[in-house]
Amino acid sequence: MAVTLDDVWHIAALARLGLTDERARSLVAELNTILEHMDVLSKIDTTEIDGLAGGGASGLPLRPDIGPPIPLARERETFAPSMRDGFFLVPRLSTHEDPEAAS
Amino acid sequence: MTPADRRGALGVLSAAELRDSVANGEVSPRTAADASLDRASEVRAWRDGLNILLYEDHDDVHRQANEVAVRREGGDVGPLAGVPVIVKDNIATTALPTSCGSRILEGYVSPFDATVVRRLRDAGAIIVAKSNMDEFGMGSSTENSAFGPAKNPLAPTRVPGGSSGGSAASVAVGIARIALGSETGGSVRQPAAFCGVVGVKPTYGRVSRYGLVAFASSLDQVGVFGRSVDDAALGLQTIAGLDPLDSTSVAEPVAAYRGAARGSMSGVVIGRPKEYFPADLDPRIREKCDAALEALRSLGAEIRDVSLPHTDLAVQVYYIVAPAEASSNLARFDGVRYGLRIEGDGLRGMYEATRSSGFGPEVTRRILLGTYVLSAGYYDAYYRKAQQVRALIKRDFANVFKSGVHLLFTPTTPTPAFELGAKSDPYEMYLSDIFTCTANLAGVPAMSLPIGRVDGLPVGGQLMASHFEERQMFAAAFALERQLGAGAHQ
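Residues numbered from 1 in each chain as written. Chains lettered and ligands numbered in written order. Predicted model: local features only at pLDDT ≥ 70, side-chain atom pairs only at ≥ 80, totals over all residues.

Enquirer: Even after reading the chapter, I still don't get helix H4 (residues 58–73) of chain B, so can you show me in this structure?
Expert: Counting along an α-helix, one turn takes 3.6 residues, and residues three or four places apart therefore face a common direction. Here H4(B) spans 23 Å end to end across 16 residues, near enough to the 22 Å set by a 1.5 Å rise per residue. Lining the buried residues of H4(B) we find helix H2 (15–23), helix H3 (29–45) and strand E3 (126–131) of chain B. (Helix = DSSP H or I, 4+ residues; strand = E, 2+ residues; numbered from the N terminus. Expected span 1.5 Å × (residues − 1). Contact = placed C-beta atoms within 7 Å.)

Structure representation (structure tokens):
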């Protein structure tokens, strides 16, 4: 299951990472070298294992889907890159019309 | 009091002794804090800095010291009153930045304190500085910090280990007796071994992770460094316990780890897993481990050869599971709510420009690796398979502990601290975690303590226990530390 250059562009797009052509080519080799070491896992018999392992002693504990309020020492405006009226501002999605042009 | 006087008076005190001196008025919190700041300044000027601390605020340190003094006057003396503590840069603090060693969070100051930081403050500790680390905890040498590599204070051409290298080095060099780090695959124990200090990874769920910036959520734990076993025990005792803000923390009672010291190890069975002593293990490290096991035997422990047969698959499992979880956790760093933002072509362009500029090469590599093993067509072959093999690794530990073995003893690392720049192949670097990542995969507690030196470089011995059996682990560590004496640092 060798990683191809197309795979690298695909996963970079999924991960929202921009890459140069040179870096993408280098990552093909790097990821393949790492994944070669992982191939040994395919030879291990895990047919008797049901489900996935977690870190805890007895699975993940559950709690009610509510939490206590988290007091913040400073306003979001002090650390957000861009805010207005309590909302985070982001660049407009290309699929959205300019509301002023639409009105 | 001059800086030299302060250091002379305080440098030899354990954390508990310093606390007692503060409690009875022999030492003021301000003097204790200044001794730590003096040492940090001295180290910065010494040997080109070592680059082990990222952020300090002397005014805030003095404000904290004054608060401790006021509390003491009112009869409120916490278990860490006046004790300076260093905190890894991925643990949230309101008074100092939390950048995770990354450009993407450079200058970010958290609006809340991590629960572990709050518990330290409640106990009277003084947070002195944030320490250098591999970016987002991804590394075993602290060379992957966006703010430059940290150096090992015992051999400055070598790495201090990682990813909590700055915290380990801070304790080794005497800036503080206690420091916080975090573990995903050995990031406390490995640097503890390389720097000749004690490092503890508690059971998964033992310590709150609220405010620990997530790397791999099924593996991450906050850990503690100490100059001695007692320092580490005091530190862990202070931060352990259920936290309603972290649903993975567990309501198991916290034992008195400091009270675990025993003179005899009679009745304790210590397993020596053969997979951690391969034929090609550095013979000098094997010799130090054998001497440590002999010391435990001389105290009455029974040493038993055991097997953890899936150990040789742990690095492969770890380097699928951890990047997979990281690829999800690090999706939040997108330039919208906090940290760096680089404008690009529309929203998607902003995401890509921000993340590409903000993340370093190793973080980028692991995000892509994690995205790949989770993507359609590869999930079953990599991620599901790795999780199934992880279950086998957990079962190995369960079987050994069920067989009557109380503790396991192994080397912490296959080699002593290596030279800066020596490991350029990512997978070669990943192998640095070969003896430590098993405990993270199984969720069991583990710790490293000094057991001697090879060519002047510290060697760590690792103790592992069953879930929530930290007290038994500390009992053996206290006994071994006492039995080895000065030999632990020779």
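Enquirer: What am I meant to see in the packing of helix H9 (residues 283–298) of chain B against helix H16 (residues 470–484) of chain B here?
Expert: Residues and elements named next belong to chain B. At a closest axis distance of 9 Å, the pairing of H9 and H16 adopts a crossing angle of 105 degrees. In terms of orientation, H9 lies roughly perpendicular with respect to H16. Along its contact with H9, which presents Ala292, Ala295, Leu296 and Ser298, the element H16 presents Ala476, Leu480, Gln483 and Leu484. (Axes fitted to C-alpha atoms, helices over the stretch in contact; angles between N-to-C directions. Parallel < 35°, antiparallel > 145°, perpendicular 65-115°, else oblique.)

Enquirer: It is not clear to me how the interface of chain A and chain B should be interpreted in this structure. Could you clarify?
Expert: In many reports, interface size means the accessible area that the parts give up when they come together. Contacts between the two partners involve 46 residues from chain A and, on the opposite side, 58 residues from chain B. When residues of the side of chain A that touches chain B are traced back to their parent elements, those giving at least two are helix H1 (5–14) and helix H2 (21–38) of chain A. In terms of residues, the side of chain A that touches chain B owes the most to one element, H2(A), which gives seven residues. Broken down by class, the residue content of the side of chain A that touches chain B amounts to 31 nonpolar, nine polar and six charged. (Nonpolar A, V, L, I, M, F, W, Y, C, P; charged D, E, K, R; others polar.)

Enquirer: How should the pairing of strand E10 (residues 446–454) of chain B be read in this particular structure?
Expert: Consecutive side chains along a regular strand alternate between the two faces of the sheet. Residues and elements named next belong to chain B. The buried fraction of E10 amounts to seven of the nine residues, a majority that puts the element mostly inside the structure. One ladder, built from three bridges, connects strand E5 (residues 198–201) with E10; its direction is antiparallel. Bridging across to E10, Lys201 finds its partner in Ala446. Between E10 and strand E11 (residues 457–465), which pair antiparallel in sequence order, lie two residues; one of them, Asp455, sits at a positive phi of approximately 50 degrees. (Buried ≥ 20, exposed ≤ 12 C-beta atoms within 10 Å, placed from the backbone. Pairing = 2+ DSSP bridges.)

Enquirer: Would you mind going over the sheet that holds strand E7 (residues 269–273) of chain B with me for this structure?
Expert: Paired through their backbone hydrogen bonds, the strands of a sheet run either parallel or antiparallel. Residue and element names in this part refer to chain B. The strand order E1-E3-E2-E4-E6-E5-E10-E11-E9-E7-E8 describes an open sheet built from eleven strands, whose pairing is mixed. With one partner strand each, in any of the chains shown, strand E1 (53–56) and strand E8 (302–306) form the two edges of the open sheet. When strand polarity is set aside, the average angle formed by the axes of neighbouring strands in this sheet is 30 degrees. As defined by bridge partners, E7 adjoins strand E9 (residues 407–411) across two bridges and the pair is classed as parallel.

Enquirer: Can you walk me through the environment of A:His10 in this structure?
Expert: Summarising the element assignment, A:His10 is placed in helix H1. Considering only alpha carbons, one finds A:His10 and A:Gly86, 76 residues apart in sequence, at a separation of 35 Å.

Enquirer: Would you mind showing me how to read the domain arrangement of chain B here?
Expert: All names here are of chain B. As assigned here, chain B comprises domain 1 (3–259), domain 2 (263–310 + 389–489) and domain 3 (316–380). On a C-alpha basis, the centres of domain 2 and domain 3 stand 34 Å from each other. At the interface, eight residues of domain 2 touch five residues of domain 3. Listed by contribution, the elements that provide at least two residues to the side of domain 2 that touches domain 3 are helix H13 (379–402), helix H14 (426–430) and helix H15 (437–442). It is H13 that provides the largest number of residues to the side of domain 2 that touches domain 3, a total of three residues. Of the residues in the side of domain 2 that touches domain 3, the class split is six nonpolar, no polar and two charged. (Domains from an automatic or database assignment.)

Enquirer: Before we go on, may I ask you to explain the nonpolar core in this structure?
Expert: Across soluble globular proteins, nonpolar side chains show a tendency to be buried alongside one another. Residues and elements named next belong to chain B. Counting residues in each nonpolar core, the largest one holds 165 residues, and the members touching the most others are Val85, Val128, Phe225 and Ala476. Ranked by the residues each element gives to this core, the list is headed by helix H10 (residues 314–329), at ten residues. In contact with Val128, not counting residues within four places along its chain, are Ala33, Ser36, Leu37, Ala40, Glu56, Val61, Pro84, Val85, Ile86, Ile175 and Ala176. (Core = buried A, V, L, I, M, F, W, Y, C linked by C-beta atoms within 7 Å.)

Enquirer: Please explain the confidence of the model for chain A as it appears in this structure.
Expert: Segments scoring low in pLDDT should not have their predicted coordinates read at a detailed level. This prediction gives chain A a mean pLDDT of 85; 78% of its residues lie at or above 70. The spread of mean pLDDT over the elements of chain A runs between helix H3 (residues 99–102) of chain A, the lowest at 53, and H1(A), the highest at 97. (pLDDT = per-residue confidence, 0-100.)

Enquirer: How should I be thinking about H13(B) in this particular structure?
Expert: Residues and elements named next belong to chain B. If you check H13, its first and last C-alpha atoms are 33 Å apart, about what 24 residues at 1.5 Å a residue would give, namely 34 Å. Of all bends in H13, the biggest is about 30 degrees, found at Lys385. Positive backbone phi, at 105 degrees, marks Gly404, one or two positions downstream of H13. (Bend = angle between axes of the 7 residues up to and from the residue.)

Enquirer: How do you make sense of the pairing of strand E2 (residues 84–88) of chain B when you look at a structure like this?
Expert: Residue and element names in this part refer to chain B. The buried fraction of E2 amounts to five of the five residues, a majority that puts the element mostly inside the structure. Residues Pro84, Ile86 and Lys88 line one face of E2 and the alternating positions Val85 and Val87 line the opposite face, and both faces are buried. Where E2 and E3 come together, five bridges link them in parallel fashion. Looking at E3, one finds that Val85 is bridged to Ile127. In this view, the connection linking E2 to its parallel neighbour E3 by way of helix H5 (residues 115–122) has right-handed handedness. (Right-handed = clockwise from strand over helix to strand, strands pointing away.)

Enquirer: Would you mind showing me how to read unusual backbone geometry here?
Expert: It is generally the case that most residues other than glycine have a negative phi and that most peptide bonds are trans. Residues and elements named next belong to chain B. For the bond running from Gly162 to Ser163, omega is 15 degrees, close enough to zero to count as cis. Locating Ser163 in the fold gives a position in the loop between E3 and helix H6 (165–172). One non-glycine residue, Asn51, lies in positive phi territory at about 60 degrees. Tracing the chain through its elements places Asn51 in the loop between H3 and E1. Given 20 C-beta atoms within a 10 Å radius, Asn51 is considered buried. Even without being glycine, Thr142 reaches a positive phi, approximately 60 degrees. Along the polypeptide, Thr142 turns up in the loop between E3 and H6. For Thr142, a count of 34 C-beta atoms within 10 Å corresponds to the buried category.

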